[in-house]
Amino acid sequence: MENKIALVTGATSGIGKACALTLAKLGYNIIATGRRADRLKELAAELPNEVEYLPLVFDVRDREKVLDILGALPEEWKAIDVLINNAGNAHGLDPIQNGSLDDWDAMMDINVKGLLYVSKAIIPGMTKRKSGIIINIGSIAGKEVYPNGNVYCGSKHAVDAITNGMRIDLNPFGLKVIAIHPGLVETEFSLVRFKGDEKRSESVYQGFEPLLAQDIADIVEFAVTRPPHVVIADVVVLPTAQASATIVNKEL
Ligand code: NDP
Ligand code: 8X3
């Protein structure tokens, strides 16, 4: 395979899917992961014919599976050039005294530990080759804390800190480590956060123009096309109507 290879976690919807499509457009062969096999199958039809595609179905919480599957990649898929740690979600939006332990487990296990498991499987190949780009999708929730965001914000602050730590530790190997921290992006994110409540989910994005998943993929495109001596280390991107995690100029 002559094309470069990108692995995108959580490519079954939203930001991850947009990143997979954008990297494919740039000529990367794509490894796309997620739990929904049907979505990964559908993605195949949207990719350009010139790129190779390897869908992998696993839950990033499943440490053994992550390490087994990514540790047994076919030879021609092993040399991953770009890793996008995107899989993640918020679960619930409750004050800390009412929060659900299951929601807390989900956010810490997926957003933090899942990112670490995938990274653990992929980084050794990159350090060996002294080449690679890791892009972690953080959040404005990793830069600020907002009411009822408690544990989700904690998980994204962890992503921010882990990304900075990765950049330091992987510096001797010449790897690029990048964090992109979006504000409000209209995806399935709020549907997951509010457990399928469509009305509540839609209301999050009403009265202003939110970011689209493609806006984040455009930043990924810019980041991976910089020359070797340039790393876009840390990006906060907001809708123009959003000034901070809590200030959104809505016209309702
Ligand atoms: P979506 O809900 O649209 O996509 C989430 C993706 O993560 C899906 O592909 C989903 O795949 C995958 N995922 C979730 N849980 C797991 C799991 N346990 N194992 C494997 N894959 C999983 O949301 P977004 O695209 O918006 O979110 C992507 C990332 O962007 C997240 O890290 C989120 O925190 C971050 N973010 C989102 C913002 C927003 O406003 N939308 C703003 C800032 C950051 P599947 O369900 O098939 O497993
Ligand atoms: C997603 C954006 O503001 O809902 O990370 O936390 S927010």
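Attention in this report is confined to the structure presented alongside it. (Residues numbered from 1 in each chain as written. Chains lettered and ligands numbered in written order. Predicted model: local features only at pLDDT ≥ 70, side-chain atom pairs only at ≥ 80, totals over all residues. Heavy atoms only, no water.)

**Re the site of ligand 2**
In plain terms, the rule: One heavy atom suffices: a residue is near a molecule or strand as soon as one of its heavy atoms comes within 4 Å of it. Polar contacts, as used here, are pairs of N or O atoms within 3.5 Å; protein pairs need one atom able to donate a hydrogen and one able to accept it. Residues neighboring in sequence count only if both atoms are side-chain atoms. Polar here means any residue other than Ala, Val, Leu, Ile, Met, Phe, Trp, Tyr, Cys and Pro, which are nonpolar, and Asp, Glu, Lys and Arg, which are charged; Gly is therefore polar.
Every residue lining ligand 2 is accounted for by Ser-139, Ile-140, Ala-141, Tyr-146, Tyr-152, Gly-183, Phe-189 and Arg-193. Tyr-152 places a polar side-chain atom, nitrogen or oxygen, 2.6 Å from an oxygen atom of ligand 2. Interatomic distance of 3.4 Å between a side-chain N/O atom of Arg-193 and an oxygen atom of ligand 2. Class assignment of the residues belonging to the shell around ligand 2 gives a composition of five nonpolar, two polar and one charged.

**Describing the site of ligand 1**
For clarity, the threshold we go by: Where accessible areas are quoted, they stem from the Shrake-Rupley method and a 1.4 Å probe; at the residue level, only the protein chains shown are allowed to cover. Comment: elements are numbered from the N terminus, with helices defined as DSSP H or I runs of at least four residues and strands as E runs of at least two.
Around ligand 1 there are 31 residues in total, and Thr-12, Ser-13, Arg-35, Tyr-152 and Thr-187 lie nearest to it. Here Arg-36 contributes a side-chain N or O atom positioned 2.9 Å from an oxygen atom of ligand 1. For ligand 1, the protein covers 98% of the area, taking 870 Å² as the surface of the free molecule. Elements that contribute at least two residues to the shell around ligand 1 include exactly helix 1 (14–25), helix 5 (150–169) and helix 6 (189–193). A class-by-class count of the residues in the shell around ligand 1 yields 13 nonpolar, 12 polar and six charged.

**Here we look at the sheet that holds strand 6 (residues 176–182)**
Stated formally: Note on pairing: DSSP must find at least two bridges between two strands before they are called paired. For every element, the axis is a line fit to its C-alpha atoms; helices are fit only across the contacting stretch, and the angle between N-to-C directions ranges from 0 to 180 degrees. Residues are treated as being in contact if the distance between any of their heavy atoms lies within 4.5 Å.
Read from one edge of the open sheet, seven strands run 3-2-1-4-5-6-7, paired in parallel fashion. Only two strands of the sheet have a single partner each, and these edge strands are strand 3 (53–57) and strand 7 (234–237). Averaged over all neighbouring strand pairs, the angle between strand axes comes to 15 degrees, with direction disregarded. Note that strand 1 (residues 5–8) and strand 2 (residues 29–34) share four bridges and pair parallel. Across the sheet, Val-8 pairs through a bridge with Ala-32, a residue of strand 2. Packed on one face of the sheet, helix 1 meets strand 1, strand 2, strand 4 (82–85) and strand 6 and runs near 170 degrees to strand 1. Sitting on the sheet, helix 4 (residues 101–129) is in contact with strand 1, strand 4 and strand 5 (133–137), with an inclination near 170 degrees to strand 4.

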